[in-house]
Structure formats: C-alpha cells, structure tokens
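# Tertiary structure, described
So the chains spell out like this:
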There are 2 protein chains.
Amino acid sequence: MDKVRMGIIGIGNMGSGHLSNIIAGKCPEIAVTAVCDINPERLSWAKEKTEGKAACFTDAVKMMDSGLIDACLIAVPHYSHPKLAIEALGRGIHVMCEKPAGVYTKAVREMNEAAKKSNAKFGMMFNQRTDCIYRKMREIVQSGKLGKIRRTNWIITNWYRPQAYYDSGAWRATWSGEGGGVLLNQCPHNLDLWQWICGMPKTVTAHLYYGKWHDIEVEDDVTAFVEYENGATGSFITTTGDAPGTNRFEITLDGGKLLAENGKLLVTELDEPEPEFSKKNSIPFGMPSCKTYEAQTDGLSEQHVGVLNRFAASILRGEQMVAGGEEGINGLLISNAMHLSSWLGKTVEIPFDEDLFYAELMKRVANSRRKEFFEGSVADLTNTYNTGKP
Amino acid sequence: MDKVRMGIIGIGNMGSGHLSNIIAGKCPEIAVTAVCDINPERLSWAKEKTEGKAACFTDAVKMMDSGLIDACLIAVPHYSHPKLAIEALGRGIHVMCEKPAGVYTKAVREMNEAAKKSNAKFGMMFNQRTDCIYRKMREIVQSGKLGKIRRTNWIITNWYRPQAYYDSGAWRATWSGEGGGVLLNQCPHNLDLWQWICGMPKTVTAHLYYGKWHDIEVEDDVTAFVEYENGATGSFITTTGDAPGTNRFEITLDGGKLLAENGKLLVTELDEPEPEFSKKNSIPFGMPSCKTYEAQTDGLSEQHVGVLNRFAASILRGEQMVAGGEEGINGLLISNAMHLSSWLGKTVEIPFDEDLFYAELMKRVANSRRKEFFEGSVADLTNTYNTGKP
C-alpha cells in the first residue's frame with residue numbers, strides 16, 4: 001500500500017475542507033476513494049471535486065463495507081463520533097475523528113475500548129497540537145527546566161461567531177444536535193492543548209451562560225476555575241460573543257513564565273526558582289532576577305494537513321500520530337466537568353459521576369429547542385481555525 | 001492659610017515616603033509640622049529629616065489636640081484607620097487616609113458617618129487613580145462610546161513579595177495585625193480602580209489560598225469571579241507569590257475593547273457594536289470590522305504626590321480631590337466579599353451580611369498566629385508601588 005484509501009464521512013464545513021486539502025495534493029499519501037453524506041447536494045459537490053474518483057454513499061456503514069476504503073475521516077455532528085468510530089474500528093478500518101471525541105465521556109469510553117481491541121489506527125483531529133508555539137510550550141514545561149506549574153490562565157475569547165453562524169445548520173448550538181456550545185464546538189482544541197501542556201485539573205468550578213450573546217440554547221460564555229493535583233490553579237475564559245476577542249495563554253511556573261500571544265511565545269526564566277530565592281533573600285522588596293526572550297520555534301504549524309499526513313504515516317509505516325484517538329477523552333472530561341459544575345452550581349471533581357452527567361445532559365436534550373429543518377449551508381473555513389496566528 | 005500644616009501618623013514605610021516627598025519640596029502647599037509614632041527611632045529619624053521643624057508625638061490624639069496641625073495623614077496598620085480618622089474628623093482636622101480604608105466595612109461605615117458630620121476634608125490615598133492609563137480607561141468607559149461593559153479581566157500578579165517582606169513587621173500578614181493578605185495590603189489600589197472604572201460587582205465567587213507561597217496565615221493567592229448588575233462578568237487574579245508576575249487589565253465592551261498592559265493602553269473600536277452587527281450580518285463567519293490604536297494620554301501619573309497636592313488644594317481652595325475618603329469602602333466591600341466567599345465556600349452577594357463577615361474575621365483574629373514582637377524595619381519603597389510602568 002503506497003496510499004491510504006480514505007472515505008470521508010460528512011461533507012459539511014470540515015469534511016469539505018479536508019477533501020479540498022487532499023485533492024489539492026497536500027496529503028500525498030492519501031487518496032479520497034469514497035465520500036458519505038445524507039445531503040445529495042454535498043455528494044454532488046464532492047463527486048465533481050474528485051472528478052468522479054470518489055464513490056458516493058449516503059450510509060457510512062455501507063461505505064465501510066464497500067472494500068473501497070482503508071481509513072475513514074469522521075466529520076459529522078458530535079453525537080455520532082463514537083458510534084461511527086466504533087463501527088469502523090470493529091471492521092479494522094483506521095479512524096481519524098474530528099473533535100470533540102464525543103459529547104459525553106460514557107460514549108467516548110466505549111469508543112476507546114473499541115480502539116483498544118482493534119488493530120486499526122485511531123487518531124483525533126487535534127490540529128492545533130501541530131502549532132509550533134504550543135509544541136514549544138509543551139516541550140519547555142515537560143523539560144522541567146522552569147520547575148513545576150503554579151498557575152495557568154487562558155483567555156481564549158477570539159472564537160467570535162455571529163448569529164448567522166448559528167443559523168447556518170439545524171444541529172448547531174442545540175442540546176440535541178450538538179450537545180453544547182462553545183465548549184463542544186470551538187474549545188475542544190484549547191481544552192486539549194491545555195491538558196496536553198499543563199496536565200489534567202482535579203477540580204473544576206465553572207460559570208456558564210446559555211444564549212447570552214446569541215439566540216441559542218447552549219453556552220456561549222464561560223469562565224472556569226480549576227485546581228490541579230499539585231496545588232496549582234488555572235482559569236479558562238471563553239466566549240463566541242466577543243469581537244475581536246483575545247487569545248492569551250499564560251503559564252506561571254516556579255522558575256519562570258510562558259506567554260503565548262499574538263503568534264509569539266515569550267519565555268521568562270528566573271535565575272533562581274522563586275521558592276529558593278525567597279528562602280535565602282533578606283531584602284523585604286527583593287525580587288529574583290530573570291530574563292525574558294522570544295522562544296525560537298521550528299516555525300512549522302501544519303494544522304489539519306499535518307494531522308492527516310502523520311495519520312497516513314502511522315498507517316503506512318507505523319510512525320507516531322499527532323494525537324492518539326484515546327486522548328480525545330481528556331479535553332471532553334474538562335468540558336463535561338464545566339457543564340456539570342454549572343448545572344449543579346458547585347465545584348466538580350474529576351473524575352465525576354458520568355451517569356449523573358449523562359442524565360443531566362439528557363434532560364436538556366429532551367427539552368431541546370427543535371429548529372425547523374432547513375438546508376445547512378457550507379462555509380469556507382479558511383482562516384477561521386483560530387490557530388494563534390495574529 | 002497658604003500651607004496646610006500636616007501631621008503624619010505612622011512613620012513606617014509609607015509615612016516615611018510621604019515625609020520624604022514633602023521635605024523634598026514636591027508638595028509646596030504642605031508643611032509637616034508634626035509626626036507621630038510609637039517607635040522612638042522612627043521619631044528621631046523624622047526629627048532629623050525635618051531639621052527639628054516637626055513636633056514629635058507618640059500619641060496621635062495628643063497631636064490632634066496640639067493645635068499644630070490642620071490635617072493628618074494616617075499611615076498606620078489597617079485596623080486603626082477608621083478609629084484615627086474618626087478622632088480627627090470629630091475635631092475638624094482634615095484626613096488623608098492610607099489604603100485600605102479599614103479592614104471591615106462596619107468600621108468604615110462609622111468613619112464615613114463621621115466624615116459626613118464633619119466640615120473637614122476626607123481623602124483616600126488612591127494614588128493609582130492619578131495614573132494616566134487608568135484615568136483614560138475610565139474616561140473612555142464613562143463616555144459610553146464603546147457601549148456597555150460585558151467582561152473585565154484583571155490579572156494582577158505582579159505584587160511579588162518575598163518571605164523577608166512578611167518577616168519585616170510583626171503586624172504583617174496576620175489576621176490580628178493586618179486583617180488579610182494580598183487583598184488588604186497590595187490590592188486595595190486595584191480593587192478601587194476596578195470599581196472606579198467598571199462599577200461595583202453584584203456577586204463574588206472567590207478562591208483564596210492562605211500561606212500558599214509564604215509562611216504566613218493570610219491569603220497570598222486569589223482567583224475571583226464576579227458578576228455585574230448588567231450581566232457582565234469579571235475575573236480578578238492576584239498573588240504575591242509570582243515572580244515577575246503580570247499586570248494586564250482588559251475590558252471588553254459591546255463596541256470594543258480596552259487593554260492596559262506594559263504601560264500602554266490599547267483601544268479597539270468596532271465600526272459597529274457587536275450586537276447590531278450580529279443582527280444584520282448574514283455571513284456565518286462574519287466579524288465586525290474594527291481598528292486598534294494606542295490611546296493618547298496626558299502622560300501624567302503624579303501618584304502619591306499628586307494625591308497630597310490635590311488634598312491640599314481641596315483644603316485651601318475647595319478644589320476636587322483625587323479620591324474622596326467615602327469611596328474607600330467600595331474596594332473594601334469587594335475584598336471583604338472575596339474573603340467571605342472563601343470562608344463560606346460559596347458565592348456572596350454585595351451587599352453581604354457585614355455582621356457575619358465581622359464574626360468570621362474575629363474568629364481568625366482570635367486564632368491569629370502571634371508573632372514575637374521585633375523591631376519593624378523600614379524599607380525604601382521607591383519603585384515598589386506597581387503603578388503599571390514597565
């Protein structure tokens with residue numbers, strides 16, 4: 001096999017973007033041999049785009065059973081991610097899953113179980129992990145040279161979406177269709193990066209506002225506070241309501257500080273870690289000396305294309321993926337904990353009661369505002385992925 | 001009267017600084033005619049500094065009754081602020097009070113009552129209100145041209161203090177001596193500016209950590225979340241543990257954003273307020289256009305000297321002060337609400353039960369770690385006032 005034969009499930013905003021990238025030759029080890037969508041117009045678009053080379057399906061399982069694909073890319077609404085991944089993995093078909101891994105962790109655990117039993121590769125589309133800034137942040141934190149983390153602050157309010165965005169698909173921003181708002185749709189990347197770089201929090205206290213800036217039923221404004229096992233604290237502030245918003249990710253450690261903002265990473269290194277300085281210093285207004293510099297990175301941020309290429313390399317040559325599928329549960333645990341904290345009006349510990357979360361979610365699904373069905377529109381997403389570039 | 005005859009109560013860190021400024025001729029309408037301290041060494045220092053021109057007292061009330069002063073500057077530990085102010089105001093002596101107004105609002109209300117009944121002037125040493133950046137922020141918010149506030153985020157973690165600072169005075173960082181930690185000693189400026197510029201919050205949910213980075217019994221790490229009457233939210237993150245820390249104050253409004261950081265104020269103005277844009281726009285990934293520029297200020301930040309000069313002008317010519325004494329209660333209400341939220345483990349509404357706060361505070365005072373008394377040292381505070389200059 002010199003090319004992975006890929007079937008794309010869902011030719012909406014994300015699926016169309018992936019298809020376009022592959023057709024444009026950006027993923028030389030992937031060929032799109034099949035596409036699947038319930039919307040005939042999207043299938044026609046894909047057929048034309050692939051010059052008829054991709055077989056068209058309206059049923060994903062039939063596509064999996066067609067013998068035409070080695071791998072599939074799941075880019076349908078969130079609730080269906082685990083179900084489709086389980087179908088594919090059970091058939092030995094490699095899976096690249098769009099974020100989030102699912103809407104609730106119970107289903108994602110089943111997906112991860114299926115992956116464990118399967119020989120097929122399973123990856124998550126955490127394209128922002130390819131960003132040179134975030135990779136560098138993780139590298140520095142993991143190197144231990146700045147000591148242990150004491151504070152993480154991420155103000156990630158530059159996910160602006162106007163009302164027209166929410167009106168562009170019947171499933172959008174509904175409990176029954178999407179299972180959440182900014183935390184489920186826009187922030188999975190940030191929640192994943194946050195835990196990838198800083199580790200998982202232990203407790204979550206979150207203040208969510210539902211339909212605060214838009215005519216929607218799910219959250220579009222979040223301020224969350226977390227505590228980590230080692231006593232560090234963190235804050236995470238997000239919204240789709242602020243224009244133009246902010247993307248500022250700061251990590252304070254015993255030995256310095258990392259600040260990712262405006263497409264740059266500033267590193268502050270203390271000459272001596274603060275706890276040791278404070279022990280020795282005798283000057284009441286003394287302060288540890290430090291230097292601040294811009295981190296040199298490799299400059300690469302291959303994003304979606306990078307994730308797909310490394311997925312193909314993993315299938316073809318056993319190389320490492322950008323993000324293993326099983327890691328998708330981490331960001332979702334944080335996001336579910338934020339919802340649960342808001343619903344219960346109290347601090348939630350991770351792990352939380354996943355049955356309780358599911359029951360609370362289903363209450364909201366049962367009362368979900370059912371939008372009149374209308375044709376979903378497809379937007380060009382280029383430059384909307386909020387990858388930290390200024 | 002062409003000069004205000006001033007008595008300084010407390011020749012510690014702050015009192016010494018004020019005395020030095022006045023002696024240096026920076027307050028031409030003020031003469032220091034008396035000083036008061038319980039520590040004979042500090043009195044000797046002041047006597048020498050004033051070339052014997054200031055009478056020395058160990059009892060503040062005797063100084064007030066001496067006929068030597070028109071005004072006093074209160075720069076003693078926090079608990080005594082209201083008591084001394086009430087003594088002075090009752091005698092028609094003008095009062096400039098160091099921050100905070102007091103430790104608990106019950107006492108501050110009594111002080112404000114005394115001020116109402118007195119003909120004397122009453123001001124608070126909110127020197128950071130003189131900062132051109134903060135004045136400009138307030139001016140823009142109050143002008144209404146950016147619409148209503150929706151989010152305020154202040155990360156003010158650059159109040160670093162080493163252990164030696166806390167060991168430099170027996171009253172420092174104890175419930176009985178100071179009544180709190182970073183919220184009572186360092187943050188009164190920021191809490192005052194926050195409410196001066198953005199208005200008072202309605203609810204406060206705060207996570208405080210006591211002696212987290214230092215060997216002290218009071219809080220040295222705070223993350224607080226607030227809600228305003230109009231539905232806006234805010235976060236306030238502070239510590240004396242982080243080095244070098246951050247001072248970044250961001251206000252998001254319907255029509256733009258203000259960002260004070262690194263001694264600059266960046267203003268972002270939307271061409272159309274977000275709510276109006278979102279109503280009209282039909283593009284799913286549309287975004288209101290905007291411009292960002294650095295605000296032009298008058299460049300003046302007269303700090304402590306400015307507060308004293310305007311206090312003198314208020315006494316001599318009825319001009320306006322930088323901050324009326326009665327306004328001191330606002331920041332303290334926020335700070336008390338943060339403590340109460342932490343002690344009760346829940347969200348606190350403003351106004352809160354002030355008797356409950358006092359009772360909870362007194363529990364901690366009763367169990368306060370009593371440090372062995374030792375001579376307080378006096379530090380040169382130049383460049384420690386954290387006035388936002390880089």
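Structural data are supplied above this passage.
Residues numbered from 1 in each chain as written. Chains lettered and ligands numbered in written order. Predicted model: local features only at pLDDT ≥ 70, side-chain atom pairs only at ≥ 80, totals over all residues. Heavy atoms only, no water.

## Focus: helix α2 (residues 40-49) of chain A
Working note: α-helix, 3.6 residues per turn, so residues spaced by three or four point in the same direction. Residues and elements named next belong to chain A. Taken as a whole, α2 has its buried residues at Arg-42, Leu-43 and Ala-46. For α2, the angular spread of the buried residues around the axis is 100°, confining them to a single face. Across from the buried face of α2, at angles greater than 90 degrees, the exposed residues are Pro-40, Glu-41 and Glu-48. For α2, the secondary structure elements touched by its buried residues are α1 (13-23), β2 (30-36) and β3 (55-57). The positive-phi residue at the C-terminal boundary of α2 is Glu-51, with phi of around 50°. (Buried < 20%, exposed > 50% of the residue type's maximum accessible area, 1.4 Å probe, protein only. Helix = DSSP H or I, 4+ residues; strand = E, 2+ residues; numbered from the N terminus. Arc of directions from axis to C-beta. Contact = heavy atoms within 4.5 Å.)

## Description of the environment of Thr174(A)
Position of Thr174(A) relative to the elements: it lies in the loop between α7 (163-166) and α8 (182-185). A sequence separation of 42 residues divides Thr174(A) from Ile216(A), and the C-alpha atoms of the two residues are 7.1 Å apart.

## So, the pattern of salt bridges
As enumerated under the stated definition, the model contains 58 salt bridges over all chains in all. Here Arg91(B) and Asp65(B) are joined by a salt bridge, their closest N and O atoms 2.7 Å apart. On the criterion of sequence distance, the pair formed by Arg91(B) in the loop between α4 (81-90) and β5 (94-97) and Asp65(B) in helix α3 (residues 60-65) is long-range, its members being 26 residues apart. Across the salt bridge formed by Glu319(B) and Arg317(B), the nearest N and O atoms sit 2.9 Å from each other. Connected through shared salt-bridge partners, Arg248(A), Glu250(A), Lys257(A), Glu261(A), Arg248(B), Glu250(B), Lys257(B) and Glu261(B) make up one network. (Salt bridge = Lys/Arg side-chain N within 4 Å of Asp/Glu carboxyl O.)

## Description of the side chain of Thr239(B)
Residues and elements named next belong to chain B. Mapped onto the elements of the fold, Thr-239 is located in strand β10 (residues 233-239). In this structure the side chain of Thr-239 is engaged in a polar contact, spanning 2.6 Å, whose partner is the backbone oxygen of Asp-220. A distance of 2.8 Å separates the side chain of Thr-239 from the backbone nitrogen of Gly-241, its partner in a polar contact. (Polar contact = N/O pair within 3.5 Å; in protein donor to acceptor, adjacent residues only side chain to side chain.)

## Structural notes on the packing of α1(A) against helix α11 (residues 303-317) of chain A
All names here are of chain A. It is the contact of α1 with α11, at a shortest axis distance of 10 Å, that shows an interaxial angle of 70°. As judged from the angle between their axes, α1 and α11 are roughly perpendicular. Note on element contacts: α11 touches α1 through His-304, Val-305 and Leu-308, opposite Met-14, His-18, Asn-21 and Ile-22. Tallied by class, residues from the contact of α1 with α11 come to four nonpolar, three polar and no charged. (Axes fitted to C-alpha atoms, helices over the stretch in contact; angles between N-to-C directions. Parallel < 35°, antiparallel > 145°, perpendicular 65-115°, else oblique. Nonpolar A, V, L, I, M, F, W, Y, C, P; charged D, E, K, R; others polar.)

## Looking at unusual backbone geometry
Residue and element names in this part refer to chain A. Between Lys-99 and Pro-100 the backbone carries a cis peptide bond, its omega angle lying at -10°. The phi torsion at Gln-303 lies on the positive side, around 50°, for a residue other than glycine. With respect to the element layout, Gln-303 can be found in helix α11. Classification of Gln-303 as buried rests on a relative accessible area of 12%.

## A closer look at the sheet that holds strand β13 (residues 264-270) of chain B
Strand pairing within a sheet occurs via backbone hydrogen bonds; the two strands may be parallel or antiparallel. Residues and elements named next belong to chain B. Read across the open sheet, the nine strands follow the order β14-β13-β12-β11-β7-β10-β9-β8-β15; overall the sheet is mixed. Of all the strands in the sheet, the pair left with one neighbour each is β14 (290-294) and β15 (348-349). Note that β13 and β14 share five bridges and pair antiparallel. Along β14, the bridge assignment pairs Thr-268 with Thr-292. The strands that helix α9 (residues 188-198) touches are β7 (149-156), β9 (219-228), β10 and β11 (247-253); relative to β7, the one it contacts most, it runs at about 165°. (Pairing = 2+ DSSP bridges.)

## Quick notes on the pairing of strand β1 (residues 4-9) of chain A
Residues and elements named next belong to chain A. Taken across its six residues, β1 has five buried, putting it largely inside the fold. The sheet contact formed by β1 and β2 spans six bridges and is parallel. By the bridge assignment, Arg-5 is partnered in β2 with Ala-31. Handedness of the β1-α1-β2 crossover: right-handed. (Right-handed = clockwise from strand over helix to strand, strands pointing away.)

## A look at the relation of the copies chain A and chain B
Note on the copies: chain A fits chain B at an RMSD of 0.0 Å, the axial shift is 0.0 Å, and the rotation between them is 180°. When the rotation and shift are considered jointly, the pair of chain copies conforms to a two-fold rotation axis. A shared binding surface is used by both copies, with 100% of the interface residues of chain A retained as interface residues in chain B. (Least-squares fit on C-alpha atoms with pLDDT ≥ 70 in both.)

## Details of the packing of aromatic side chains
One pass over the full model with this rule turns up 26 aromatic pairs over all chains. Pairing Trp343(A) with Phe357(A) gives two aromatic rings, centres 5.3 Å apart and planes at 25°, and the pair type is stacked. A residue pair is termed long-range when its members are at least 10 positions apart, and Trp343(A) in helix α12 (residues 328-344) and Phe357(A) in helix α13 (residues 354-366) qualify at 14 residues. Given the relative accessible area of 13%, Trp343(A) is considered buried. Summarising the aromatic geometry, the rings of Tyr165(B) and Tyr166(B) are spaced 5.0 Å apart at their centres and angled 80° between planes, so their arrangement reads as edge-to-face. Following the ring pairs from residue to residue traces out a cluster consisting of Tyr134(A), Trp154(A), Trp194(A), Phe236(A) and Phe249(A). Note that Arg42(A) overlies the ring of Trp45(A), its terminal NZ or CZ placed 4.6 Å from the centroid. Residue placement shows Lys106(A) over the ring face of Tyr358(A); its charged tip is 5.6 Å from the ring centre. (Phe/Tyr/Trp six-rings, centres within 6.5 Å; stacked < 30°, edge-to-face > 60°. Lys NZ or Arg CZ within 6 Å of the ring centre and 35° of its normal.)

## Side note on helix α12 (residues 328-344) of chain B
Residue and element names in this part refer to chain B. Helix length check: α12, at 17 residues, gives a terminal C-alpha distance of 24 Å against a target of 24 Å (1.5 Å per residue), a fit within 8%. Counted residue by residue, α12 has 15 buried out of 17 residues, so it is predominantly covered. In the segment just after α12, Gly-345 is the residue with positive phi, at about 65°. (Expected span 1.5 Å × (residues − 1).)

## Re the interface of chain A and chain B
Listed per partner, the contact involves 58 residues of chain A and 58 residues of chain B. Of the roughly 4600 Å² buried at the junction of chain A and chain B (both faces included), carbon and sulfur atoms supply 58%. Remark: the boundary between chain A and chain B carries eight salt bridges. Asp242(A) is paired through a salt bridge with Arg150(B); the nearest N and O atoms lie 3.5 Å apart. Taken together, the links from chain A to chain B amount to 21 residue pairs in polar contact (both at pLDDT 80 or more). (Buried area = accessible area lost by both parts, 1.4 Å probe.)

## Topic: the sheet that holds strand β8 (residues 201-210) of chain A
Residues and elements named next belong to chain A. Taken in spatial order, the nine strands of this open sheet run β14-β13-β12-β11-β7-β10-β9-β8-β15, and their pairing is mixed. Strands at the two margins of the open sheet, each flanked by one partner only, are β14 (290-294) and β15 (348-349). Packing of helix α9 (residues 188-198) onto the sheet brings it into contact with β7 (149-156), β9 (219-228), β10 (233-239) and β11 (247-253), and relative to β7 it is tilted by some 165°.

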